[in-house]
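Given next are the chains, with one letter for each unit.
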Amino acid sequence: MHPLQAVAVAAAGVIAGMINTVVGSGTLITFPVLLAVGYPPLTANVSNGLGLVPGSLFGAIGYRDELAGQGVRVRRFGVASTLGAVIGAIALLMLPPRAFSAIVPVLIVLALVLVIAQPWLARRLAVRRATENAGADGDSWLLWLGILGTGVYGGYFGAAQGVLLLGMMGVALTESLQRVNAIKNVLAMLANLASGLVFVFVAHVSWIAVLLIAAGSGVGGVVGARVGRKLSPVVLRGVIVVIGLAALGKLLLT
């Protein structure tokens, strides 16, 4: 890798780390850059996933105040995300390259609809829970299975994984969008780490690419947490929609 290419990969990691911490879809920045500098798609995908782990880790640390009191929930959903990512990683190695290409845009559109409608849906669900004397949260087994499915997608490719998680949890949980975003950062980190560990043993990993993206995404995660935590719910929701639409457009045009 030439020095200028290394700088480009590291810079893409910074941007991806910021985007992943605030919303998600940072993969759509780093993955094309790795392809552009000459990596095969599978090597680029697995190296990218591992490289983005520090960004999500530092993003989660930056959101530690919003994670307070959510330990049980994070552990429960973390199991789903980790298990799903392992399944997704195995699927990537066994299924045709474009096996998920038809469903991914549909999932992103659904996630964006959920994000936009989240305030209205959350109010309706709150009324329903009160009427039915249900629990304080909507973190049911249905949501657990949804996070499992998102983990599968995250282990397979991962672009817009954060948008999907925010869409589901934002509707189902009685939490602010910022506290939901904090959980999202932990789950995305676990998914990338779990799938990455699978790839280390069975696929080719470019450790140079991993280190460059890791360094960049770590910086981006710190910056993203500082910026993201200051955004109002309305602005944060708008950012999610804009980035989600950009991810959708990118996937449909490739």
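Residues numbered from 1 in each chain as written. Predicted model: local features only at pLDDT ≥ 70, side-chain atom pairs only at ≥ 80, totals over all residues. Heavy atoms only, no water.

Undergrad: For the overall build of the chain, give the residues involved together with the corresponding values.
TA: Within the chain, the secondary structure is distributed over 12 helices and 0 strands. When the helices and strands of the chain are read in sequence order from the N terminus, they spell out α-α-α-α-α-α-α-α-α-α-α-α. When contacts within the chain are restricted to residue pairs at least 6 apart in sequence, those whose partners lie at least 24 apart make up 83%. Carbon and sulfur atoms make up 74% of the accessible area of the chain, which totals about 11400 Å². (Helix = DSSP H or I, 4+ residues; strand = E, 2+ residues; numbered from the N terminus. Contact = heavy atoms within 4.5 Å. Areas by Shrake-Rupley, 256 points an atom, 1.4 Å probe, with all protein chains shown as cover.)

Undergrad: Provide a residue-level description of the environment of Gly 59, including the pertinent values.
TA: Positionally, Gly 59 belongs in helix H4 (residues 53-62). For Gly 59, a relative accessible area of 0% translates into the label buried. With 161 residues separating them along the chain, Gly 59 and Gly 220 place their C-alpha atoms 8.2 Å apart. Beyond its immediate chain neighbours, meaning those up to four positions away, Gly 59 contacts Thr 21, Asn 185, Gly 221 and Ala 225. (Buried < 20%, exposed > 50% of the residue type's maximum accessible area, 1.4 Å probe, protein only.)

Undergrad: If you had to explain the environment of Met 189 to someone new, which residues and values would you point to?
TA: Looking at where Met 189 falls in the secondary structure, it is placed in helix H10 (residues 177-202). Through-space distance from the C-alpha of Met 189 to that of Leu 57 is 6.1 Å; in sequence the pair is 132 residues apart. Those residues in contact with Met 189 that lie beyond four places of it in its chain are Val 53, Ser 56 and Leu 57.

Undergrad: Would you mind going over helix H6 (residues 71-94) in detail, with residue names and values included?
TA: Look at H6: 35 Å from first C-alpha to last across 24 residues, which is about the 34 Å you get at 1.5 Å a residue. Those residues of H6 not exposed but buried are Arg 73, Val 74, Phe 77, Gly 78, Ala 80, Ser 81, Gly 84, Ala 85, Gly 88, Ala 89, Ala 91 and Leu 92. Considering only its buried residues, H6 is in contact with helix H3 (41-51), helix H5 (64-67), helix H8 (141-156), helix H9 (161-172) and H10. (Expected span 1.5 Å × (residues − 1).)

Undergrad: So what's going on with the side chain of Ser 217? Which residues, and what values?
TA: Relative to the helices and strands, Ser 217 is located in helix H11 (residues 207-228). Within polar-contact distance, the side chain of Ser 217 engages the backbone nitrogen of Gly 55 at 3.2 Å. Residues within four places of Ser 217 in sequence aside, it is in contact with Gly 13, Val 14, Gly 17, Gly 51, Leu 52, Pro 54 and Gly 55. (Polar contact = N/O pair within 3.5 Å; in protein donor to acceptor, adjacent residues only side chain to side chain.)

Undergrad: Could you give an account of the packing of aromatic side chains, with specific residues and numbers?
TA: Applying the stated criterion to the full structure yields 1 aromatic pair. It is Arg 76 that lies over the ring of Trp 141; its NZ or CZ is 5.2 Å from the centre. (Phe/Tyr/Trp six-rings, centres within 6.5 Å; stacked < 30°, edge-to-face > 60°. Lys NZ or Arg CZ within 6 Å of the ring centre and 35° of its normal.)

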